[in-house]
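Coordinates in review
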Amino acid sequence: MKYIVGRPKIKTSFTYVLFICAFGVSIFIADAWEGMQIVGILIILVGILIVFPGISYCELMWKVDQNVLQYTYHDNMLMKISSFFKHLLHTHRIEYQMTIELSQIDYIAITYAKVPRLPYGAIGYDVWFHVHMYDGSIYSFIALTLSGRKDFNQAVDFMKEQGIHFKDGYHILDALHSHEHLSYYLERIDKEQSK
């Protein structure tokens, strides 16, 4: 049994790229001034080679089974693009850069981080896993994707069944099992902490 949280957003990115390519084709056809066709071709290439993989792999993805916890770690756009095309053209599976043996995990601390959400200037909250190992090392990654609440809850419940202990000082797991919006809950916690 394995649980996957976060998946490539192929359909969403394909929709965006269709609009970008349509814009590029319209510029190519318009030919209002010399060089317009080159601009149209560049827009199409940027859409296909940068925007498509960037949106597809914009969310963190992780999975857990009976033996390991694995997660992706794309620290720059070039890695994201490379992984996307390797997935699409070669391996046909997601490559997880970090693999942690469940038997080596002491506990997982759950916390949150307050982050700006561009382009609107709003504040959002990311849920983080800090995986503490028996050897003293700590692995940290954003654990909750934007649309993966159900998958996240199933994966965490599965890890609990496997004997993984969670330290959840802010009761984030309880909030995720309720119907309350997590951002409102974390905003309330954040205001209480800042008093």
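Residues numbered from 1 in each chain as written. Predicted model: local features only at pLDDT ≥ 70, side-chain atom pairs only at ≥ 80, totals over all residues. Heavy atoms only, no water.

Concerning the pattern of salt bridges
For the structure on display, the rule yields two salt bridges. One salt bridge connects E187 with K191, and the closest N-O pair in it is separated by 3.7 Å. Here K191 and E187 lie together in helix 6 (residues 182-194), a separation of four residues that amounts to about one turn. (Salt bridge = Lys/Arg side-chain N within 4 Å of Asp/Glu carboxyl O. Helix = DSSP H or I, 4+ residues; strand = E, 2+ residues; numbered from the N terminus.)

Quick word on the environment of V115
Here V115 shows up in strand 5 (residues 105-117). Considered as a pair, V115 and L88 are 27 residues apart in the sequence and their alpha carbons are 31 Å apart. Those residues in contact with V115, other than ones at most four positions away along the chain, are A122, I123, G124, Y125 and D126. (Contact = heavy atoms within 4.5 Å.)

Some points on unusual backbone geometry
Most peptide bonds are trans, and most residues other than glycine sit at a negative phi. Not every positive phi belongs to a glycine, and H171 is a case in point at roughly 55°. Note that H171 resides in the loop between strand 8 (166-167) and helix 5 (172-177). According to the relative accessible area criterion, H171 is partly exposed, its value standing at 46%. (Buried < 20%, exposed > 50% of the residue type's maximum accessible area, 1.4 Å probe, protein only.)

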